[in-house]
2 protein chains.
Amino acid sequence: MSKTLIFGHKNPDTDTITSALAYAYLKTQLGEEAEAVSLGEPNEETAYALDYFGVKKPRVINAIAGETDQVILVDHNEKQQSVSDIDEVKVIEVIDHHRIANFETTDPLYYRAEPVGCTATILNKIFKEKNIEITKTIAGLMLSAIISDSLLFKSPTCTDEDISAAKELATIAEVDADTYGLAMLKAGAELSGKTIEELLTLDAKAFEMGSSTVEIAQVNTVDPTELLVLQEELKVAIAEKIERRQLDLFVFVITDILTNNSTIIALGDRIDSIKQAFNVTFENGLTELAGVVSRKKQIVPQLTEALS
Amino acid sequence: MSKTLIFGHKNPDTDTITSALAYAYLKTQLGEEAEAVSLGEPNEETAYALDYFGVKKPRVINAIAGETDQVILVDHNEKQQSVSDIDEVKVIEVIDHHRIANFETTDPLYYRAEPVGCTATILNKIFKEKNIEITKTIAGLMLSAIISDSLLFKSPTCTDEDISAAKELATIAEVDADTYGLAMLKAGAELSGKTIEELLTLDAKAFEMGSSTVEIAQVNTVDPTELLVLQEELKVAIAEKIERRQLDLFVFVITDILTNNSTIIALGDRIDSIKQAFNVTFENGLTELAGVVSRKKQIVPQLTEALS
C-alpha cells in the first residue's frame, strides 16, 4: 500500500491546511503512512498560524496521479473543489463539515461529516475516539482552524461543539483564544498589496447549482472601502473569468469582520438568482447583505435553492 | 420541529429494519422525537429476529411528504434505493456502510459511513460515544443485523470490527451467536411458497452504473436447485421487468449459504459487462460465481468498473 496523501480544497484556507496536518499527525500516530499536502500556497492568515506554532507549510501539489493511489479528503468533498485528477485515485476517507454534492465512490469508505463549524471540531472528537493525545502544536493549529471558520465564534456556522472544542484546544495550546484569534484574523484580513487576481482567488470555490456553474469568492477585511475603490477593476476581472470558464454566476463577497456585514459584487447571466435568494436590488453590480458572513450557511443553500 | 422518521432502503433486509429501530431507540433516549419506519414488509429472516426478541415490526410507509420534513437514512444513501419522494424532505443524518452515489444535499449534515460489514457495527460505536446503554432487546436486533449482513461472519465484507461488535452484542442479548444465527439465516433461506415476483424483489437494489441502470436481486438458500428448476419462469419475469423499467441489466444472484458460492441469472443489453467483470461465459443465461456471496463487495464495484 502506498502512502496516503491527505489534503483539503483548492484555494486552501486555515481549516483545510491545518486539518490535513492534524489528521496526518493522527494517522502517523496510529502507525499509518500519511502525508499532508495542499492544493495551493497558504494564505496570510494560515501562514500566521503556521509560523506562530512553528510548523512548516505542507508540500503543494497540482496533481495526484503517480504520487499515490489513495487519498483522504478533509474539509471538502465536491469534485470541482478537489485536485484536478481526483478521479484517478481512490478516496478512502472524507472528514468534512459541508453539504455533500458531486461526490461518488465505487466502494464503501469512511465518511465522517458533521454539521459543525469546522473540520477541526470533528477531528478533536476523532483524536479522543482513537485515544491519541493532541500535542501543543497540533492543538494550536486546530484552534486556528476553528477561529478562522467561525470568525472568532461570531459566524452563524459556529456551534456549541466548536466553542467547547476551541476551549479545550486553547488550554492545550497555551494561548488566549481571543487575543491570538484577533491577531490571526487581522493577518488574514491584510489585503493591501494583493493583486486583483489574488483577491478573486484567495478563497474562491466553485459549485454546481441546478444546471448552473457558480463561483463564490470571499475575502475578510477590517476596511471594505479599501476594496470598494477597486470595484471597476474587480468587475473587469470577474467578467473575464465568467467568459473564460463559462460561468453562469460569479459572486465576490467582501466580509467586514468587525461589523459582520458583507458587500457583494456579482456578475453573470444568473444574477437574478441573487436578487431572488436575498430579496435585494443591485446598484452598479453591488449590493449589501447585512449580517451575512458565512458562505456555507448564508449564501450557498439560498443560491442553490434559487437555482434549482 | 416535526418528528424525525428513520428508515433504511426499499426491499428491506434485517440490517435496514433493525438499524432503524436501534437508532430510533438511541435518539429517543437522547430526548429527540424519532420513529423507525420501513419501506416494505420485513422478510422472513427479519420477521424471525423481530419475533425472537419480541419486537413489533415498524410501520410501513410508501411516501414521506406530509408526514415529516426531516428524515434520517440508515443502511443506504442512493436516491433510487430510498423512499420515492425523498427529494421533498431534508436528510439530516445518514448512517451507512455502502458506497456513496446519487446522493446530494443543499446543507451540511451528519453523515457517518464506515467500510464495515453492517450498519449495526457503526451504531454500536455511536451508542458508546453517546453513552447510551444498549438493552438486551436492542442488542439482539443489532446482533441479528451483523449475522445477516456477514452471513454468520463468512462474507468477505465482514471485518474484525463486525466480529467484535457481534461478540459484545451476543453477550448483552444473552444468545449464542452461532446457534441463533444459523436458525435466523435458515428462516430467511426458506424460499418454498415464494412467488417468482417475491423471489425477484425480496432483496433487490437498483444502481446507476456509468450511464446504465442495473438491478441486482439476491436470495440466500440452502438448496439452489429448488430455484434452478424455476429458471425459465424467472427469466420470463426478469425480461418483463427489464422491458417495463427500461433496465440495461438485471442480475439475479442465488447464494448458497452452506457452500458460499453463487449462481447468477442475468438478462439485458449490458450482459457483456458481467462477462467482462467476472471473466465468465453464460450457458442458457446462467453462470457460476465461485466464492461470491457479497453483492456490495464482490459484484457492485466490479460491474460499476465494467460499465464506467
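Analysis parameters
Residues numbered from 1 in each chain as written. Chains lettered and ligands numbered in written order. Predicted model: local features only at pLDDT ≥ 70, side-chain atom pairs only at ≥ 80, totals over all residues. Heavy atoms only, no water. UniProt positions renumbered as here; feature names shortened; annotations may be inferred. Buried < 20%, exposed > 50% of the residue type's maximum accessible area, 1.4 Å probe, protein only. Helix = DSSP H or I, 4+ residues; strand = E, 2+ residues; numbered from the N terminus. Pairing = 2+ DSSP bridges. Core = buried A, V, L, I, M, F, W, Y, C linked by side-chain atoms within 4.5 Å. Contact = heavy atoms within 4.5 Å. Least-squares fit on C-alpha atoms with pLDDT ≥ 70 in both.

- Chain A has the name Probable manganese-dependent inorganic pyrophosphatase in an unreviewed UniProt entry, where Amphibacillus marinus is given as its organism.
- Its UniProt record gives chain A the following Catalytic activity (unreviewed entry) comment, quoted word for word: "diphosphate + H2O = 2 phosphate + H(+)".
- Turning to chain A, the UniProt annotation filed under Subcellular location (unreviewed entry) states: "Cytoplasm".

**Regarding the pairing of strand S10 (residues 261-267) of chain A**
Residue and element names in this part refer to chain A.
- Burial analysis of S10 places five of its seven residues in the buried class, the great majority of the element.
- As defined by bridge partners, strand S9 (residues 249-256) adjoins S10 across seven bridges and the pair is classed as antiparallel. For Ile 254, the partnering residue across the bridge sits in S10 and is Thr 263.
- In this structure, the hairpin formed by S9 and S10 is closed by a connection of four residues, where Asn 260 is found at a positive phi of approximately 65°.

**Quick look at unusual backbone geometry**
Residue and element names in this part refer to chain A.
- Of note, Asp 75 is a non-glycine position whose phi angle comes to about 60°, a positive value.
- Secondary-structure assignment places Asp 75 in the loop between strand S4 (70-74) and strand S5 (90-96).
- For Asp 75, a relative accessible area of 1% corresponds to the buried category.
- Phi angles above zero are rare outside glycine, and Asn 284 is one such case at about 65°.

**Re the nonpolar core**
- Tyr 23, Met 142 and Leu 143 of chain A are the most contacted members of the largest nonpolar core, which totals 50 residues.
- Per element, the largest residue contribution to this core is eight residues, and it comes from helix H4 (residues 136-150) of chain A.
- If we ignore the near neighbours within four places in the chain, the residues touching Tyr 23 of chain A are Ile 6, Ile 72, Val 74, Glu 93, Ile 95, Leu 123 and Ile 126 of chain A.
- In this structure, Ile 6, Ala 49, Ile 95 and Cys 118 of chain B belong to the second largest nonpolar core, which totals 49 residues.

**Here's the deal with the relation of the copies chain B and chain A**
- When chain B is fitted onto chain A, the two copies agree to an RMSD of 0.0 Å after a turn of 180° and an axial shift of 0.0 Å. Both chain copies can therefore be described as sitting about a two-fold axis. The C-alpha atom lying nearest the rotation axis in chain B is that of Arg 112 of chain B; the distance is 2.4 Å.

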